[in-house]
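Chain residues, written in single-letter form:
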Amino acid sequence: MNITVQSIKFNADSKLIEFIKKRSEKLNQFLDNIIEGVCYLRLENVDDEANKVVELKFNVPGNQLFAKAQAKTFEEATDIAIESIRRQINKHKTKTRTSTSNHKEILNQEEEF
């Protein structure tokens, strides 16, 4: 999987970029056909300490998964967004399995007639 990290209006540290790539690679355990991923890092202009925003977008066959998280650190926001993507992957897999198995049931019913 190819992941691109883009920091908007600031330069991201190489350690942060490696952290994001390492966490994103773990998603391959749940779905092995992820085509590509893009990560956007932004700083919000708010009074709150939690002004770091991470947006993750992953392209999988037939779908696009997106998550946005805001936290005190980019690492924490990345963990939240990755967890959200993981849940979306599980839903995506369940949905595709159901439609595939339903299709087989319809074929079996047609063969019985």
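Predicted model, so just to flag it, every value in this text is computed and none were measured. (Residues numbered from 1 in each chain as written. Predicted model: local features only at pLDDT ≥ 70, side-chain atom pairs only at ≥ 80, totals over all residues. Heavy atoms only, no water.)

Enquirer: Please give an account of helix 1 (residues 14–25) that cites residues and values.
Expert: Here helix 1 is 12 residues long and its end C-alpha atoms lie 16 Å apart, about the 16 Å a rise of 1.5 Å per residue gives. Taken as a whole, helix 1 has its buried residues at Leu16, Phe19, Ile20 and Ser24. For helix 1, the angular spread of buried residues about the axis comes to 125 degrees, placing them on one side. Turned more than 90 degrees from where helix 1 packs its buried face, Ser14, Lys15, Glu18 and Lys22 sit exposed. (Helix = DSSP H or I, 4+ residues; strand = E, 2+ residues; numbered from the N terminus. Expected span 1.5 Å × (residues − 1). Buried < 20%, exposed > 50% of the residue type's maximum accessible area, 1.4 Å probe, protein only. Arc of directions from axis to C-beta.)

Enquirer: Just give me the short version of the packing of aromatic side chains, but keep the residues and values in it.
Expert: Overall, the coordinates contain 1 aromatic pair when judged by the stated rule. Arg86 extends its terminal NZ or CZ atom over the ring of Phe30, reaching a point 5.6 Å from the ring centre. (Phe/Tyr/Trp six-rings, centres within 6.5 Å; stacked < 30°, edge-to-face > 60°. Lys NZ or Arg CZ within 6 Å of the ring centre and 35° of its normal.)

Enquirer: Got a sec to walk through the side chain of Glu55? Specific residues and values, please.
Expert: Within the secondary structure, Glu55 is located in strand 3 (residues 52–60). Residue classification places Glu55 among the buried residues on the basis of a relative accessible area of 14%. Here the side chain of Glu55 touches Arg42 through a polar contact of 2.6 Å, side chain to side chain. When near neighbours in sequence (up to four residues on either side) are disregarded, Glu55 contacts Val38, Cys39, Tyr40, Arg42, Phe66, Ala67 and Lys68. (Polar contact = N/O pair within 3.5 Å; in protein donor to acceptor, adjacent residues only side chain to side chain. Contact = heavy atoms within 4.5 Å.)

Enquirer: Would you mind going over the pattern of salt bridges in detail, with residue names and values included?
Expert: Inspection of every chain in the model, using the stated rule, returns 7 salt bridges. Where Glu55 meets Lys68, a salt bridge forms, and the shortest distance between an N and an O atom there is 3.8 Å. Here Lys68 lies in strand 4 (residues 63–71) and Glu55 lies in strand 3, a separation of 13 residues in the sequence. Between Arg87 and Glu83 there is a salt bridge; the shortest N-O distance is 3.9 Å. Placement of both Arg87 and Glu83 in helix 2 (residues 74–112) is noted, with a separation of 4 residues, approximately one turn of the helix. For Arg87, a relative accessible area of 45% puts it in the partly exposed group. The partly exposed category is assigned to Glu83, whose relative accessible area is 31%. One continuous salt-bridge network, built from bridges that share partners, spans Arg42, Glu44, Glu55 and Lys68. (Salt bridge = Lys/Arg side-chain N within 4 Å of Asp/Glu carboxyl O.)

Enquirer: Could you give an account of the nonpolar core, with specific residues and numbers?
Expert: When a protein is soluble and globular, its nonpolar side chains tend to lie buried together. Formed by 25 residues in total, the largest nonpolar core has its most connected members in Leu41, Leu56, Phe58 and Ile85. Mapped by element, the contributors of at least two residues to this core are strand 1 (2–7), helix 1, strand 2 (36–43), strand 3, strand 4 and helix 2. With 6 residues, the top contributor of residues to this core is helix 2. (Core = buried A, V, L, I, M, F, W, Y, C linked by side-chain atoms within 4.5 Å.)

Enquirer: Break down the sheet that holds strand 3 for me, with residues and values.
Expert: Ordered in space as 1-2-3-4, the 4 strands form an open sheet in which the pairing is mixed. Whereas interior strands pair on both sides, the edge strands pair on one side only; in this sheet they are strand 1 and strand 4. Each strand axis lies, on average, 15 degrees off the axis of its neighbour in the sheet, ignoring direction. Note: strand 2 against strand 3, 8 bridges, orientation antiparallel. Looking at strand 3, one finds that Leu41 is bridged to Val54. Together, strand 1, strand 2 and strand 3 form the strand contacts of helix 1, whose direction differs from that of strand 1 by roughly 145 degrees. (Pairing = 2+ DSSP bridges. Axes fitted to C-alpha atoms, helices over the stretch in contact; angles between N-to-C directions.)

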